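# Observations on chain architecture
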Amino acid sequence: MTAEQNPPRLEVHGLTKTFGPVIANTDVSFNVARGEILCLLGENGAGKSTLSSCLYGFYRPDKGQILCDGMPVSFNSPRDAIARGIGMVHQHFVLVPSMTVVENIILGTHDHGWALNLEKKARKISDLCARYDISLDLNAKIWQLSVGEQQWVEIIKVLFLDAEVLILDEPTAVLTPHESKKLFAILQKMTADNLSIILISHKLEEVLQSDKIVVLRKGRIVGNVRTVDTTRSDLTSMMVGRPVMLRAERTDITPGAPVLQVSNLTVLNDKGQTAVNTMTFTVHEHEILGIAGVSGNGQTELFEALIGVRDSQTGHIQLSGKDLTHHSPMDAITNGIGYIPDDRFRAGLVGPFSVEDNTILGIQKRAEFADGPILNRRRIRNFARDAIDRFGIVTPGPQTRTDTLSGGNAQKVILAREFWSATKCILANQPTRGLDVGIIEYVHQILLEKRHKGFAIVLASEELEDILALSDRIAVVSKGQIMGVFHADEANIDQLGLLMAGQALENAA
Amino acid sequence: MSELFTQAILIAMFAATVRIAAPLLLVSIGELVVQRAGIWFLGVEGSMLMAAFAAYFISVASDSLSIGLFAGIGMGITVHLSMAVATVTLKINQFITGLGINLLASGLTLLLYRESLKRFNGEVPTVIPFETVALPGISQIPILGEIFFDQHIFTYLAFAMVGVVWAFLYRTRYGLEIRALGENPKALDIKGLSVSGRQYAALAFGGTMAGLAGAVLVLALTDRFVPNMTNGRGWLAIVIIIAGNWKPLPILVAVLVFAFLEAFQLQAQGIGLDIPYQLLLALPYIGAIVAMIGLQLRSEQPAHLGVPYHRE
């Protein structure tokens with residue numbers, strides 16, 4: 001028999017899933033054959049996660065059919081899906097950090113009897129690791145592993161259950177470029193073994209490595225194409241519903257006087273370890289300094305030290321020649337520094353507060369918003385209304401709870417506040433993390449606008465594409481150290497990737 | 001004091017330590033499994049107290065120690081499972097539910113005790129408690145035999161349970177699953193295994209142990225129920241688990257330390273040491289406070305302890 005005559009390994013017909021009045025998926029149909037990589041592409045809220053949860057038996061679809069090898073199946077729980085050879089690698093690791101690799105992999109696998117049979121199972125795990133060229137210390141505890149190694153554990157966990165269809169939800173979100181490459185090499189080996197892959201992603205360069213692409217928007221399929229027949233811009237406009245500028249226009253401006261000068265800065269993390277190690281850099285007017293690095297390499301501590309919520313051990317911070325070392329966040333704000341934190345709901349907003357209260361957090365003492373100790377509600381509301389208009393924040397009104405807003409709209413609340421109070425410098429740590437393409441485009445534009453107006457901007461991102469598109473200069477950080485600084489036109493992605501992985505340049509060559 | 005007399009006192013004190021340790025060990029080991037499954041059950045004190053009353057009342061009413069014993073265990077399971085319904089199924093706050101169970105148990109047992117006295121015409125009936133079982137042979141070993149091997153059957157069981165629970169938690173797949181519940185319940189859920197079913201089972205085991213501990217207080221260590229007779233043992237069990245860093249063997253050590261303080265306090269009162277008795281009575285609790293201040297080590301505390309599990 002030829003491949004065409006075989007029924008697809010997994011097939012979905014007219015799947016519809018609603019949660020009360022909210023429609024997550026409408027009439028979704030697609031199939032994936034053995035040895036094929038299918039990509040589900042879509043913005044946040046497009047229904048990718050609900051769809052994969054239906055395929056994995058976490059949710060039951062309201063309508064429609066799932067077929068395995070041409071046979072209709074019905075999943076009451078992930079157990080049924082596992083029994084049909086479907087496995088899922090979740091976007092956020094579902095591991096037990098205090099347990100070993102082996103324990104995590106065998107957890108909940110149902111052999112008969114009470115015994116753990118650790119040795120026998122460890123042998124099967126070693127075989128799987130060898131087959132896919134993954135090296136793991138099976139007796140290490142999960143917390144001792146790097147983020148990349150944890151991802152391999154998640155994959156082995158699914159393979160250990162003899163999965164033939166692997167659903168991977170944003171698997172590269174936490175990986176370095178090098179690890180992502182390795183992941184795709186592993187996926188290629190799997191397809192060579194006739195396994196089927198369903199890859200959920202919004203990164204175009206990954207999507208293009210699949211065999212076919214299903215684009216979802218607002219729960220519906222808006223495109224179902226073979227990868228060879230499509231282009232990046234086609235995919236983006238399908239996903240967003242309008243043409244999107246993939247690369248922000250950056251005009252050439254000569255940087256002006258130094259604004260933010262950091263010398264020999266050393267900062268500790270919460271555990272008392274050195275997170276930022278003697279960093280020195282300067283950011284000028286009309287300049288964006290990109291900080292490239294895998295998150296967790298000191299970026300957050302650096303930003304917290306610059307804004308003043310974390311004290312520094314050594315070194316100096318100067319703003320336009322004025323010494324700010326050991327300053328408080330209030331000093332930073334009054335001196336014209338704006339801060340966009342990486343975790344917007346933890347450090348940038350108070351979720352249960354209204355949008356209007358969040359637009360003045362930290363600047364509430366100013367005469368614009370308060371008469372002495374009394375807040376002036378009318379002026380605050382007008383300010384918030386104005387912010388909602390100017391930034392296009394989608395919210396029922398200024399008094400809506402901020403945690404009911406989508407990630408992109410919540411981020412706009414922060415942008416509105418920080419861009420109002422900042423006069424010289426903007427610190428942006430992962431400002432587009434988890435946001436949709438349309439909003440990312442907006443954030444990029446607005447950062448470039450500020451650069452044009454003369455702001456000095458420090459921008460950290462895990463997405464090298466963003467860094468390359470926006471920055472005038474790029475500093476690569478690894479383990480709290482600056483590994484190298486490049487002018488944007490001299491930098492290339494491979495070189496940056498190696499430095500991000502902590503390799504010094506001479507080793508890389 | 002003669003040397004022989006001192007030795008007799010010491011032997012009596014250590015034997016008392018082992019005897020007193022039994023209910024504390026049972027309830028602590030039960031609570032350990034409950035906490036490993038991710039549930040911070042503060043109501044053990046109440047569960048034990050209800051069990052003690054049930055064991056007392058039923059054994060008096062039925063004139064049978066073993067029926068009373070099973071009634072105690074049944075009551076422990078019932079109270080623990082009420083915690084399961086409230087916090088696992090209905091997802092009510094674990095701390096508030098636990099505290100509520102304690103308040104309810106304290107008031108309810110007092111009320112029922114008074115009512116039962118009316119039924120017994122105002123007299124306080126007593127039970128003829130379980131006798132100690134001297135293990136043949138090894139109970140004859142000098143000193144050690146007297147301390148360890150002439151104890152109630154429940155005492156042997158309590159010490160054996162430390163090994164059993166250790167082997168269960170670290171050497172069986174169900175134990176692995178229980179430990180995973182306390183750390184990251186989603187890891188089980190994504191394999192299609194019931195989180196709530198396992199938490200119910202853990203609480204049922206904890207109820208068995210707390211019920212047994214309550215029954216032992218009435219049917220083996222004394223001969224009657226006294227209002228609030230658990231006297232903070234359930235709370236002490238929680239301190240013991242923290243002091244023992246959620247591990248069976250260190251928990252055994254912590255139990256023995258607290259039991260020794262209690263035994264010392266009893267002996268010191270008996271031989272008339274010149275220390276105010278209020279201070280002696282407070283010894284185990286002072287010990288608990290010192291332990292809480294001194295022991296900052298919580299490395300094994302389950303990461304998901306006290307957090308109800310929701311699917312997304």
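Residues numbered from 1 in each chain as written. Chains lettered and ligands numbered in written order. Predicted model: local features only at pLDDT ≥ 70, side-chain atom pairs only at ≥ 80, totals over all residues. Heavy atoms only, no water.

## Observations regarding the overall build of chain B
In plain terms, the rule: A run of H or I in DSSP becomes a helix once it reaches four residues, and a run of E becomes a strand once it reaches two; helices and strands are each numbered from the N terminus. Values of the radius of gyration come from C-alpha atoms, whereas the globule rule sets the reference at 2.2 Å times the count of residues to the power 0.38. With a 1.4 Å probe rolled over the protein chains alone, any residue whose accessible area is under 20% of its type maximum counts as buried; one over 50% counts as exposed, and the rest are partly exposed. Here, residues are in contact when the closest pair of their heavy atoms is within 4.5 Å. Here the accessible surface of atoms and residues is derived via Shrake-Rupley with a 1.4 Å probe, and residues count as covered only by protein chains that are part of the display. Only four residue types enter the charge count, namely Lys and Arg as positive and Asp and Glu as negative; His and the chain termini do not. Charge positions come from single atoms, namely NZ of Lys, CZ of Arg, CG of Asp or CD of Glu.
Looking only at helices and strands, chain B features twelve helices and two strands. The order of α-helices and β-strands along chain B, N terminus first, is α-α-α-α-β-α-β-α-α-α-α-α-α-α. Compactness check: chain B gives a C-alpha radius of gyration of 20 Å against a globular reference of 20 Å for 312 residues, within 12% of the reference. With respect to the three principal axes, the spread of C-alpha positions in chain B is 70 × 45 × 40 Å. Taken across its 312 residues, chain B has 53% of its residues classed as buried. Pairs at least 24 apart in sequence give 77% of the contacts found in chain B among residues at least 6 apart. As presented, chain B carries roughly 13500 Å² of accessible surface, and 68% of it is formed by carbon and sulfur atoms. Of note, chain B has its 17 positive side-chain charges centred 13 Å away from the centre of its 17 negative side-chain charges.

## Digging into the domain arrangement of chain A
Residues and elements named next belong to chain A. Inclusion rule: Annotation comment: domain bounds sourced from an automatic or database domain assignment. Two parts placed together each lose some accessible area under a 1.4 Å probe, and adding up what both lose gives the buried area. Any carboxyl oxygen of Asp or Glu that lies within 4 Å of a side-chain nitrogen of Lys or Arg is treated as forming a salt bridge with it. Polar contacts, as used here, are pairs of N or O atoms within 3.5 Å; protein pairs need one atom able to donate a hydrogen and one able to accept it. Residues neighboring in sequence count only if both atoms are side-chain atoms.
Once the domains are mapped, chain A shows domain 1 (2–240), domain 2 (257–336 + 424–509) and domain 3 (343–421). Relative to domain 2, the C-alpha centre of domain 1 lies at a distance of 34 Å. Listed as interface residues are 13 residues of domain 1 and, on the opposing side, 13 residues of domain 2. Of the roughly 950 Å² buried between domain 1 and domain 2 on both sides combined, carbon and sulfur atoms contribute 53%. Looking at the side of domain 1 facing domain 2, the largest losses of area belong to Glu43, Asn44 and Pro177, adding up to 38% of the total buried there. Inspection of the region where domain 1 meets domain 2 yields one salt bridge. In this structure, the salt-bridge partner of Asp494 is Lys181, at a minimum N-O distance of 4.0 Å. Linking domain 1 with domain 2 are zero residue pairs in polar contact (both at pLDDT 80 or more).

## With respect to the sheet that holds strand 9 (residues 212–217) of chain A
To summarise the sheet geometry, strands pair through backbone hydrogen bonds and adopt either a parallel or an antiparallel arrangement. Residue and element names in this part refer to chain A. Our working rule: Being paired, for any two strands, means DSSP has found at least two bridges between them. Note on method: axes are straight lines fitted to C-alpha atoms, helices fitted across the in-contact stretch only, with angles between N-to-C directions ranging 0 to 180 degrees.
The six strands are arranged 6-7-8-3-9-10 in an open sheet whose pairing can be described as mixed. With one partner strand each, in any of the chains shown, strand 6 (86–89) and strand 10 (220–226) form the two edges of the open sheet. The mean inter-strand angle of the sheet, taken between neighbouring strand axes irrespective of direction, is 20°. Pairing geometry for strand 3 (residues 37–42) and strand 9, over five bridges, is parallel. Note on strand 9: the bridge partner recorded for Cys39 is Ile213. Taken strand by strand, helix 1 (residues 48–55) contacts strand 3, strand 6, strand 7 (165–169), strand 8 (196–201) and strand 9, and its axis lies near 140° from that of strand 3. In this fold helix 8 (residues 232–240) packs onto strand 3, strand 9 and strand 10, with an angle of close to 30° to the strand it touches most, strand 9.

## Thoughts on the packing of aromatic side chains
For the record, the criterion: Stacked, edge-to-face and tilted labels apply to pairs of Phe, Tyr and Trp rings (six-membered ring for Trp) whose centres lie within 6.5 Å, assigned for plane angles under 30 degrees, over 60, and everything in between, in that order. Definition used: whenever NZ (Lys) or CZ (Arg) falls within 6 Å of the ring centre and also within 35 degrees of the ring normal, the charge is taken to sit over that ring.
What the rule picks out here adds up to 18 aromatic pairs over all chains. Plain terms: the ring middles of Phe19(A) and Tyr59(A) are 5.2 Å apart, the flat faces sit at 75° to each other, and that makes the pair edge-to-face. Taken together, the residues Phe19(A) in strand 1 (residues 10–19) and Tyr59(A) in the loop between helix 1 and strand 4 (63–68) connect sequence positions 40 residues apart. For Phe19(A), a relative accessible area of 35% puts it in the partly exposed group. An angle of 15° between the planes, with centres 5.9 Å apart, marks the rings of Phe53(B) and Phe57(B) as stacked. Of the two residues, Phe53(B) and Phe57(B) both sit in helix 2 (residues 44–62), four residues apart, roughly one turn of that helix. An aromatic cluster is present here, built from Phe53(B), Tyr56(B), Phe57(B), Tyr113(B) and Phe225(B) joined pairwise through their rings. Above the face of the Tyr442(A) ring, Lys412(A) is positioned so that its terminal group lies 4.9 Å from the ring centre. Here Arg173(B) stacks its cationic end above the ring of Tyr174(B), 4.3 Å away from the centre of that ring.

## Quick notes on the layout of surface pockets
Residue and element names in this part refer to chain A. Inclusion rule: Cavities and pockets are defined on a 1 Å grid built over the protein atoms alone: a cavity is a set of grid points where a 1.4 Å probe fits but cannot escape, while a pocket is an open set with protein on both sides within 12 Å along at least five of seven lines, and lining residues are those with an atom within 4 Å of any such point. Grid points are joined across faces, edges and corners, and a volume is the space filled by probe spheres set on the points. Amino acid classes used here: Ala, Val, Leu, Ile, Met, Phe, Trp, Tyr, Cys and Pro are nonpolar; Asp, Glu, Lys and Arg are charged; the rest, including Gly, are polar.
Quantified by volume, the second largest pocket comes out at close to 580 Å³. Lining the second largest pocket are 24 residues; nearest its centre among them are Thr176, Pro177, His178, Ser180 and Glu205. Mapped onto the lining of the second largest pocket, the elements with two or more residues apiece are helix 6 (177–192), helix 7 (204–207), helix 16 (464–470) and helix 17 (493–500). Grouping the amino acids of the lining of the second largest pocket by side-chain chemistry returns ten nonpolar, six polar and eight charged. In this structure, the lining of the second largest pocket is formed jointly by two domains, domain 1 (2–240) and domain 2 (257–336 + 424–509), each of which donates at least three residues.

## Description of the pattern of salt bridges
Residues and elements named next belong to chain A. Applying the stated criterion across every chain, the model contains 32 salt bridges over all chains. Here Glu36 and Arg226 are joined by a salt bridge, their closest N and O atoms 3.6 Å apart. Of this pair, Glu36 sits in the loop between strand 2 (22–32) and strand 3 while Arg226 sits in strand 10; the two residues are 190 residues apart in sequence, bridging distant segments of the chain. What makes Glu36 buried here is its relative accessible area of 10%. Salt-bridge contacts for Arg377 lead to Glu356; the nearest nitrogen and oxygen are separated by 2.9 Å. Within this pair, whereas Arg377 is found in helix 13 (residues 377–391), its partner Glu356 is found in helix 12 (residues 355–359), the two being separated by 21 residues in sequence. The exposure class of Glu356 is buried, given its relative accessible area of 2%. Each of Arg9, Arg34, Asp69 and Glu164 takes part in salt bridges that share partners, so that together they form one network.

## Examining the pairing of strand 13 (residues 287–292) of chain A
All names here are of chain A. Within strand 13, six of the six residues are buried, which leaves the element mostly enclosed by the surrounding structure. Burial along strand 13 is two-sided: the face carrying Glu287, Leu289 and Ile291 and the face carrying Ile288, Gly290 and Ala292 are both buried. Pairing of strand 13 with strand 20 (residues 456–461), which is carried by six bridges, proceeds in the parallel orientation. Bridging across to strand 20, Glu287 finds its partner in Ala456. In terms of strand pairing, strand 13 meets strand 21 (residues 473–478) through four bridges, oriented parallel. Bridge pairing links Ile291 to Ala475 in strand 21.

## Section: the side chain of Asn376(A)
Residues and elements named next belong to chain A. Its location among the elements puts Asn376 in the loop between strand 18 (374–375) and helix 13. A polar atom in the side chain of Asn376 sits 3.2 Å from the backbone nitrogen of Arg378. Not counting residues within four places of it along the chain, the set of residues in contact with Asn376 comprises Phe369, Ala370 and Asp371.

## Some details on the side chain of Asn358(A)
Turning to its location among the elements, Asn358(A) is positioned in helix 12. At a separation of 2.9 Å, a polar atom in the side chain of Asn358(A) contacts the main-chain amide nitrogen of Val350(A).

## Some points on the nonpolar core
Threshold: What makes a nonpolar core is a set of buried Ala, Val, Leu, Ile, Met, Phe, Trp, Tyr and Cys residues whose side-chain atoms join them at distances within 4.5 Å.
Counting 159 residues, the largest nonpolar core has Phe30(A), Leu136(A), Met190(A) and Ile198(A) as its most contacted members. Residues contacting Phe30(A), with those up to four places away along its chain left out, are Leu10(A), Glu11(A), Val12(A), Leu38(A), Leu40(A), Leu51(A), Leu55(A), Ile198(A), Val214(A) and Asn224(A).

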